[in-house]
Amino acid sequence: MKRLLLVAALALAAWDTNAQQNLSAAMRDYELEKYNSALAKFQQAAEADTANLWAWYYAGVTALQLEQLNKAEEFFQRGMRANPNHPLNFAGLGQLQNRKQQLDAASATFAAVSQKSLGNRKFKDGEVYAVLAQALTDGDRKDTANAFAMESKALELAPKSPAALYAIGLMRKQIDDNGNAVKYFERAFTFDPKMAKAMWECGALFIDARNIELGKEYINKAIAADENFAPAYRELADVNFAQKDQASATSNFGRYLSMTEPTPKSMLKYASFQLLLGKNKEAMEEVYKTMAVDSTNIYVYRILGRSAYETAKYDTALYAYNKFFAGVNPAKIRYDDYLYLGKINLAKGLDADAQAAFNKAISVDSTKASELNKTLLDFFRANKNYAKEAEVLTNIIAKSTKKNPNDLFALGRAYYNQKDYVKADTVFAQLIELKPDYIPGHLYRARCNYSNQATAKSLFENMIAKIGSIEGGNDKYKRELKEAYTYLGSLAYNAKDKNAAKDYFGKVLAIDPNDATAKEAVANLAKMK
């Protein structure tokens, strides 16, 4: 949602003390993004004094922020009727027409604003000119020529007004003149060192320009000036998130929520942070809180689907993602949406639906094929579905222009875990040919041939020799050597080759003095005649 202008402390001096306090409180609520509270206070002030043009204008602008367009129009119209010759609420109506894409009407309204201000030689309120300049550039139809003329009048009449300088900074920001926007924001807080919102605006502009550290300096200045200025914490949370400091992002966004008036949008964003931190249960709780306030936001179902999947609530996850896909603009569907849908279907045993989802994921982003394959492999391994793991690996290897030793080892192990030792042996043989010094390949090939003692014996002896030829191999591969010596020692023991058995089991004990099998064999060998 686009944030609109609210300039503090304009024309308050002419009001009574209570009116000043009420409007100041409303302005403060707006700055802290407590929009519903601000709207109630502005409306109350306007209806208490129907001639107060600023109260009507502020009520209208706040209603715009809440997307309450009919209310906004009512407030601006009442302000226009209160004084048909003052440009302020005409400017508000132009902003509303811009929001509603009534661009020709907005142009006509802005022309009236110009006539009632620039065309009136008696009109000399610099702060109002600044507000009008901002209003004329707020939206798709920008009246920049008149906005610049009003900026000039504002600077002529109120060159040291923090409120006017802040409004001009917003106008410059809206026309993407960010260098001058920063200049005016800085001048604003030079004259008002407590104007946290101007410091925050500078920080946000530098962050958008990828000057993150300087941006953070301005955000921290804003917090130092006003530790209760909630939007600064939201900005810090966004920076923390971009810098992958998810714990700080969640902490700062939580602080922002505690200080302001949570909206469905901000609550859902907090749920997203929780999900990224792996706090899946907490993310689900935040989603349900959001849905209690507004269940029409289709994106709640994206976060619900993901958090439900991560907490193994697969029926809820599938329901949520079906709702999401049914209601979202197809252009807004991301690769990871299809990825999650595929994972959910896998978890529910719906393999065909999962494959369809994964195919769509690849159609959205073909560069993620390796990431998708890893997801599949992790899932099948975790669920000990070695046949499916082998299918995926076979497909990966078939599509590869160059054989990858890691893929071959994984495929061989998948066959081994299925007890398909013939296929596993074939794959491990290919692996050893490709990478002769890869000791795990030698070990698994020997294991595949346990039942063929002559072959296994030869393979273990070859592995021992290979380890011996590798510098530091005897220290690096103690586990593999222990298994080989145990197997060879057992063969010798069963063949009553006492000397060979004693030699092999002695080597096992040299590696692991507490090995029970070797200790028992050596004890028995001592008794053997």
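J.: So what's going on with the packing of helix H13 (residues 230–242) against helix H14 (residues 246–259)? Residues and values would help.
T.: Each pair of packed helices gets described by two things: the angle between the helix axes and the distance between those axes. Look at H13 against H14: their axes get within 8 Å of each other, and the N-to-C directions meet at 160°. One way to sum up the angle between H13 and H14 is to call them roughly antiparallel. In this structure, H13 meets H14 at a crossing whose hand is left-handed. The segment H13 lies against H14, with Ala230, Pro231, Tyr233, Arg234, Leu236, Ala237, Asn240 and Phe241 engaging Gln246, Ser248, Ala249, Asn252, Phe253, Arg255, Tyr256 and Met259. Split by residue class, the contact of H13 with H14 holds 10 nonpolar, four polar and two charged.

J.: Just give me the short version of unusual backbone geometry, but keep the residues and values in it.
T.: Across residues other than glycine, the phi torsion is negative in most instances, and most of the peptide bonds are trans. Residues other than glycine seldom take positive phi values, yet glutamine 101 does so here, at roughly 65°. With respect to the secondary-structure elements, glutamine 101 resides in the loop between helix H5 (88–99) and helix H6 (103–117).

J.: Please give an account of the nonpolar core that cites residues and values.
T.: In terms of nonpolar packing, the biggest core is built from 87 residues, with Phe42, Tyr57, Phe76, Val113 and Phe185 touching the most fellow members. The leading source of residues in this core is helix H3 (residues 53–65), at nine residues. When residues no more than four places from it in sequence are discounted, the contact partners of valine 113 are Pro87, Phe90, Ala91, Leu132, Leu136 and Met150. Listed in part, the 55 residues of the second largest apolar core include Tyr340, Ala354, Ile396 and Phe409.

J.: Now, about the pattern of salt bridges: what can you tell me, with residues and values included?
T.: Tallied over the entire structure, the rule returns 31 salt bridges. Between lysine 289 and glutamate 286 there is a salt bridge, and its shortest N-O distance comes to 3.5 Å. Pair noted here: lysine 289 and glutamate 286 are both in helix H16 (residues 280–293), with a separation of three residues, about one helical turn. Residue glutamate 286 is classed as buried on the basis of its relative accessible area, which comes to 12%. Across the salt bridge formed by lysine 388 and glutamate 391, the nearest N and O atoms sit 3.9 Å from each other.

J.: Now, about the environment of alanine 196: what can you tell me, with residues and values included?
T.: One can find alanine 196 in helix H11 (residues 196–208). Residue alanine 196 is classed as buried on the basis of its relative accessible area of 4%. Taking C-alpha positions, alanine 196 is 9.8 Å from glutamate 31, a pair spaced 165 residues apart along the chain. Once you skip the residues sitting within four places of it in the chain, alanine 196 turns out to touch Ala222, Ala225, Asp226 and Phe229.

J.: I'd like a rundown of the packing of helix H23 (residues 405–417) against helix H24 (residues 421–434), residues and numbers included.
T.: The contact between H23 and H24 brings their axes to 8 Å, and the two run at 160°. Between H23 and H24, the crossing angle belongs to the class labelled roughly antiparallel. In this structure, H23 meets H24 at a crossing whose hand is left-handed. Residues Pro405, Leu408, Phe409, Leu411, Gly412, Arg413, Tyr415 and Tyr416 of H23 form the contact with H24, whose own contacting residues are Tyr421, Lys423, Ala424, Val427, Phe428, Gln430, Leu431 and Leu434. Partitioned by chemical class, the residues of the contact of H23 with H24 number 12 nonpolar, two polar and two charged.

J.: Can you explain the confidence of the model for the protein chain? Please cite residues and give values.
T.: For the protein chain, mean pLDDT is 88; residues scoring 70 or higher make up 96% of the total. At the level of individual helices and strands, the protein chain shows its lowest average pLDDT in helix H1 (residues 17–31), which scores 77, and its highest in helix H25 (residues 439–448), which scores 96. Every residue in residues 1–16 scores below 50 in pLDDT, and together they form 62 contacts with partners more than four places removed in sequence or on other chains.

J.: Which residues make up the packing of aromatic side chains, and what values do they have?
T.: Counted according to the given criterion, the structure contains 35 aromatic pairs. Note on tryptophan 54 and tyrosine 57: the rings are 6.3 Å apart at their centroids and 85° apart in plane angle, and the pair reads as edge-to-face. Here tyrosine 57 and tryptophan 54 lie together in helix H3, a separation of three residues that amounts to about one turn. Owing to a relative accessible area of 1%, tyrosine 57 belongs among the buried residues under this scheme. Centre to centre, the rings of phenylalanine 460 and tyrosine 487 are 5.2 Å apart; their planes meet at 40°, and the pair counts as tilted. In this pair, phenylalanine 460 is assigned in helix H26 (residues 453–469) and tyrosine 487 in helix H28 (residues 478–494), connecting sequence segments 27 residues apart. Grouping residues by exposure puts phenylalanine 460 and tyrosine 487 together as buried.

J.: Quick one: what's the story with the environment of histidine 442, residue by residue and with numbers?
T.: Mapped onto the fold, histidine 442 is located in helix H25. Judged by relative accessible area, histidine 442 falls into the buried class, the value being 10%. As for histidine 442 and alanine 465, which are separated by 23 residues in sequence, their C-alpha atoms are 11 Å apart. Not counting residues within four places of it along the chain, the set of residues in contact with histidine 442 comprises Ile432, Pro436, Met463 and Lys466.

J.: I'd like to hear about H13, residue by residue, with values.
T.: Here H13 contains 13 residues, and its C-alpha end-to-end distance of 19 Å stays within 8% of the 18 Å for a straight helix at 1.5 Å per residue. In terms of burial, H13 is largely enclosed, as 10 of its 13 residues are buried. Taken together, the buried positions of H13 are occupied by Ala230, Pro231, Ala232, Tyr233, Arg234, Glu235, Leu236, Ala237, Val239 and Asn240. Phi for lysine 244, located one or two positions after H13, is positive at around 65°.

Definitions and limits used
- Residues numbered from 1 in each chain as written.
- Predicted model: local features only at pLDDT ≥ 70, side-chain atom pairs only at ≥ 80, totals over all residues.
- Heavy atoms only, no water.
- Axes fitted to C-alpha atoms, helices over the stretch in contact; angles between N-to-C directions.
- Helix = DSSP H or I, 4+ residues; strand = E, 2+ residues; numbered from the N terminus.
- Parallel < 35°, antiparallel > 145°, perpendicular 65-115°, else oblique.
- Left-handed = near helix turned anticlockwise from the far one by under 90°.
- Contact = heavy atoms within 4.5 Å.
- Nonpolar A, V, L, I, M, F, W, Y, C, P; charged D, E, K, R; others polar.
- Core = buried A, V, L, I, M, F, W, Y, C linked by side-chain atoms within 4.5 Å.
- Buried < 20%, exposed > 50% of the residue type's maximum accessible area, 1.4 Å probe, protein only.
- Salt bridge = Lys/Arg side-chain N within 4 Å of Asp/Glu carboxyl O.
- pLDDT = per-residue confidence, 0-100.
- Phe/Tyr/Trp six-rings, centres within 6.5 Å; stacked < 30°, edge-to-face > 60°.
- Expected span 1.5 Å × (residues − 1).

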